[in-house]
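Residue-level structure breakdown
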Amino acid sequence: MEPIVRAVDIGRGNTKFIATVSAGEVRCAMFPSQAHPCETIYEQETWGTKRRTVCVPVDDLNYEVGPDAHLASDIFNANVLQHDSYSATPEYLALLLGALHYMRLDRIDLLVLGLPVATYKLKKQVAALERRVTGEHTLAEGRKITIARVKAIAQPSGALMYCGLTHGRLAQMRKERNLIIDPGRRTFDWLVTQGMQQIDKRSHSVPRGMFDVLHSIIEGISRATGSHYREYDAIDLALRTGKKPVIFQKEYDIAQHLPLAQKIPEQAVAEMLHYVGDAADIKNIILVGGGAFFYRKALKTAFPHHELQELKDPIFANVKGFQYAGTELAKQVDAASARTDGTEPLNLTT
């Protein structure tokens, strides 16, 4: 029997995961990266529409996660994942357990997770995360799941694998130098590779993602309205759709705040150029991530001699690539075991 491989990409904005795999086809799903602690499990109201959340236990608390998790927040709820050690927080584990709950499995032989490039360079943090997730966990409704093996990789590397597969150029890209750029919710990540091998000294990430863009606009609105405006999701939607947000019952034009917000991508790209240079030696520049639309202009200005490759499904590109990479790793481990002793292929539980 083939080992069960799954992938989860817990970003600062959304938690993306492989919900099902059937005949080689993967189906993705996601929910906001919000985990709200409570002492007791939330009980759904019998007269209203059921909230699309689940409660998972972590340490001594329950955390409500899922598509409607924003309904569990209060006005002072902090963005607890907006720092470099987010993968060590209880909220991170709660989001992961929520994703595992929605997969409806009781065992995973190999689970692939993603981390920002700067965090991935900290091998002690990577090893700690892999140890923390390996083993048995309790999910919502008392269900259990066993994770036999965990592999954490740099988030943009998933997009590289996905890009090569979707464009039928994986074999060719394994011989080329690539730059993968991933503007996420909190971090702006970039990864330079020779084939599929990361070049550490040219790869990094900085905390200048979409959260900083939104925060700049939020502060401008607060100053202009004399309030403590906090609706990050409303501003994010406004940027993506071009529709004005409603503030104090009136449509509000955020255009006045965009010049300052647009400095965020410029600053992030400027930092990247210290590592990448003019990219004259790079064959492929791939742009992915939920913030790609807002960073595109600054990147085209920085690399006027290159064509940016943008994937049709930028939000799920990383997690799909994780799934493919995990499947290949599982095959390699099985094949290596079969060659070594001539017995049955190695199960990833060992």
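I will try to describe carefully the structure that is included in this document. (Residues numbered from 1 in each chain as written. Predicted model: local features only at pLDDT ≥ 70, side-chain atom pairs only at ≥ 80, totals over all residues. Heavy atoms only, no water.)

So, on to the overall build of the protein chain. Along the protein chain, the regular secondary structure elements total eleven helices and 19 strands. Burial status across the protein chain gives 51% buried among its 350 residues. In the protein chain, once contacts between residues fewer than 6 apart in sequence are set aside, the share between residues at least 24 apart is 64%. Of the roughly 17,400 Å² that the protein chain leaves accessible, carbon and sulfur atoms contribute 51%. (Helix = DSSP H or I, 4+ residues; strand = E, 2+ residues; numbered from the N terminus. Buried < 20%, exposed > 50% of the residue type's maximum accessible area, 1.4 Å probe, protein only. Contact = heavy atoms within 4.5 Å. Areas by Shrake-Rupley, 256 points an atom, 1.4 Å probe, with all protein chains shown as cover.)

Let us now look at the environment of F248. The topology assignment puts F248 in the loop between β16 (246–247) and β17 (250–251). According to the relative accessible area criterion, F248 is exposed, its value standing at 59%.

A separate point is the packing of aromatic side chains. For the structure on display, the rule yields nine aromatic pairs. Between F293 and F294 the ring centres are 6.1 Å apart and the planes differ by 70 degrees, which places this aromatic pair in the edge-to-face class. Over the aromatic face of Y86 sits the side chain of R12, whose NZ or CZ is 3.8 Å from the ring centroid. It is K123 that lies over the ring of Y120; its NZ or CZ is 3.8 Å from the centre. (Phe/Tyr/Trp six-rings, centres within 6.5 Å; stacked < 30°, edge-to-face > 60°. Lys NZ or Arg CZ within 6 Å of the ring centre and 35° of its normal.)

The antiparallel open sheet is built from three strands, whose spatial order is β4-β6-β5. The strands lining the two open edges of the sheet, one partner per strand, are β4 (36–38) and β5 (54–58). Sheet twist, expressed as the mean angle between neighbouring strand axes with direction ignored, is 35 degrees. Sheet topology note: the β4/strand β6 (residues 61–65) ladder contains three bridges and is antiparallel. Across the sheet, the residue bridging to C38 is N62, located in β6. Packed onto the sheet, helix α1 (residues 90–103) meets β5 and β6 and runs at close to 130 degrees relative to β5. (Pairing = 2+ DSSP bridges. Axes fitted to C-alpha atoms, helices over the stretch in contact; angles between N-to-C directions.)

Considering only enclosed or pocket space, the second largest pocket measures out at about 610 Å³ in volume. Forming the boundary of the second largest pocket are 20 residues, of which I153, S157, M161, M196 and A325 lie nearest the centre. For the lining of the second largest pocket, the elements supplying multiple residues, two or more each, are β11 (150–154), α4 (155–166), β13 (188–194), β14 (197–198) and α11 (317–341). Of the residues contributing to the lining of the second largest pocket, the split by class is ten nonpolar, six polar and four charged. (1 Å grid on protein atoms, 1.4 Å probe; cavity = no way out; pocket = protein on both sides within 12 Å on 5 of 7 lines; lining within 4 Å. Points joined across faces, edges and corners; volume = space filled by probe spheres on them. Nonpolar A, V, L, I, M, F, W, Y, C, P; charged D, E, K, R; others polar.)

Here we come to the pairing of β11. Every other side chain in a regular strand lies on the same face of the sheet, so the side chains alternate between the two faces. For β11, a buried count of four out of five residues is recorded, marking the element as mostly surrounded by other parts of the structure. Here five bridges tie strand β8 (residues 110–115) to β11, and the two strands are oriented parallel to one another. The residue bridging L111 from the neighbouring strand is V150, located in β11.

In this section: the environment of K16. For K16, the position within the fold is in strand β2 (residues 14–22). Exposure remark for K16: the relative accessible area of 10% places this residue in the buried category. Between the C-alpha atom of K16 and that of M30, which follows or precedes it by 14 residues, the distance is 4.3 Å. Contacts of K16, omitting those with residues within four sequence positions, involve A7, V8, D9, G11, A29, M30, I315, F316 and V319. A distance of 3.3 Å separates the side chain of K16 from the backbone oxygen of N14, its partner in a polar contact. (Polar contact = N/O pair within 3.5 Å; in protein donor to acceptor, adjacent residues only side chain to side chain.)

Moving on, we get to α1. Here α1 spans 20 Å end to end across 14 residues, near enough to the 20 Å set by a 1.5 Å rise per residue. Extensive coverage of α1 is indicated by the burial of twelve of its 14 residues. Note on α1: the residue one or two positions beyond its end, R104, has a positive phi of about 60 degrees. (Expected span 1.5 Å × (residues − 1).)

This next bit is on the sheet that holds strand β7 (residues 107–108). On the basis of which strands lie adjacent, the open sheet formed by three strands has the order β7-β10-β9 and mixed pairing. Both edges of this open sheet fall to β7 and β9 (135–138), since each of them pairs with a single strand only. Where β7 lies against strand β10 (residues 144–147), two bridges are found, and the strand directions are parallel. Its bridge partner being in β10, R107 is matched across the sheet by T146. Against the sheet, α1 touches β7, β9 and β10, its axis set at about 85 degrees to β9.

On to the nonpolar core, then. Core analysis: the largest hydrophobic core is formed by 50 residues, its most contacted members being V8, F17, L96, L100, I108, L111 and L113. Here the element with the most residues in this core is α1; it accounts for nine residues. Aside from chain neighbours lying at most four places away, what touches I108 is I4, R6, L100, M103, I145, T146, I147, A148 and R149. Within the second largest apolar cluster, 38 residues are counted, among which are V192, M210, V276 and I282. (Core = buried A, V, L, I, M, F, W, Y, C linked by side-chain atoms within 4.5 Å.)

Should the charged atoms of two oppositely charged side chains come close, the side chains can pair. Summed over the entire model, instances satisfying the criterion amount to 14 salt bridges. The salt bridge involving D68 is made with R52; its shortest N-O contact spans 3.0 Å. Residue D68 is located in the loop between β6 and α1, and its partner R52 is located in the loop between β4 and β5; the two are separated by 16 residues in the primary sequence. Across the pair E310 and R296 runs a salt bridge whose closest N-O atoms are separated by 2.8 Å. One end of the pair, E310, is in strand β19 (residues 308–310); the other, R296, is in helix α10 (residues 292–302), and 14 residues separate them in sequence. Connected through shared salt-bridge partners, R177, R202 and D281 make up one network. (Salt bridge = Lys/Arg side-chain N within 4 Å of Asp/Glu carboxyl O.)

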